Amino acid sequence: MTDRAGYGDNGDAPADRARSSGGDRLLMGVAWAVLLLGLWMWGRDLTGVRQGPATPTTGDVAAVGRPPGAQLPPAARPLSQSLPQRVDIPAVGVQAPLVPRGLDRRGALEPPAFDQPGVVGWYGGGVRPGAAGVALFVGHVDTETRPAVFYRLSTLRPGDAIRVLRADGKAAAFTVDDVRVLPRDHFDAQQAYGARQSGRAELRLITCGGTFDRTSREYTANVVVSAYLTGGG
């Protein structure tokens, strides 16, 4: 595992960011609204399976999908519905509790509170991880003073493992198959939330990415990690 930044599409270490507490929380809230604006359109049918794009976009931190010749495990049969409790991502050292989040009055998904930088939000109105369709996780990349739970999310690569512990006692095992950096300008909800392959149980992890624009005081892109169910013991 490298120590390069978890939110940059070029892998550069983050520069020190002097940000005021009140103003930045407001601006980061606006950034999250832009990041998840597509949920205004997708919120009701996020449990459905939709066709995704055929190829990644320029700027993917996964070097345009998976390395040539990389062999990924076959997809496992989707599990029954069960509430998620925790997510473990060994490659980036994440062991985080999951909290259900809803949509605000603008139709954007509410991320975890800023005073919970180690918590991951799950869209409770959508798919439960392991069941058929696309389950959605969101987490902060940093706070005003330190890295947050998804700080190193962009360093994940196809083949890395993600495990979601569920209330039924099962551990839904996912394998990363795609990592993308999507610009905030003309944000494409289909690329972020659409299923990569019909009929699978999939997982999408999203955080801020790109670079931190000191003028607008927000991030320029979003890191979107896609994974699919490969086991459920």
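What counts and how
- Residues numbered from 1 in each chain as written.
- Predicted model: local features only at pLDDT ≥ 70, side-chain atom pairs only at ≥ 80, totals over all residues.
- Heavy atoms only, no water.
- Pairing = 2+ DSSP bridges.
- Helix = DSSP H or I, 4+ residues; strand = E, 2+ residues; numbered from the N terminus.
- Axes fitted to C-alpha atoms, helices over the stretch in contact; angles between N-to-C directions.
- Buried < 20%, exposed > 50% of the residue type's maximum accessible area, 1.4 Å probe, protein only.
- Polar contact = N/O pair within 3.5 Å; in protein donor to acceptor, adjacent residues only side chain to side chain.
- Contact = heavy atoms within 4.5 Å.
- pLDDT = per-residue confidence, 0-100.

**Digging into the sheet that holds strand β6 (residues 171-183)**
What the eight strands build is a closed barrel, ordered β1-β2-β3-β4-β7-β8-β6-β5; its pairing is mixed. Along the sheet, successive strands turn relative to each other by an average axial angle of 35 degrees, direction set aside. The sheet contact formed by strand β2 (residues 94-101) and strand β3 (residues 120-123) spans four bridges and is parallel. Looking at β3, one finds that Arg 101 is bridged to Tyr 123.

**Observations regarding the pairing of strand β7 (residues 201-213)**
Most of β7 sits inside the fold, with 11 of its 13 residues counted as buried. With six bridges joining them, strand β4 (residues 133-138) and β7 adopt parallel strand pairing. The residue of β7 that forms the bridge with Val 134 is Glu 202.

**Here we look at the side chain of Arg 166**
Tracing the backbone through its elements, the reader meets Arg 166 in strand β5 (residues 161-166). There is a polar contact of 3.1 Å between the side chain of Arg 166 and the backbone oxygen of Pro 129. Apart from the residues lying within four places of it in its own chain, the contact partners of Arg 166 are Leu 79, Ser 80, Gln 81, Ser 82, Leu 83, Pro 84, Gln 85, Pro 129, Gly 130, Ala 131 and Ala 172.

**Section: the confidence of the model for the chain**
Confidence in the prediction for the chain averages 74 pLDDT; 69% of positions are at 70 or higher. Considering only residues more than four positions removed or in separate chains, one finds that residues 1-66, a stretch of pLDDT under 50, has 171 contacts.

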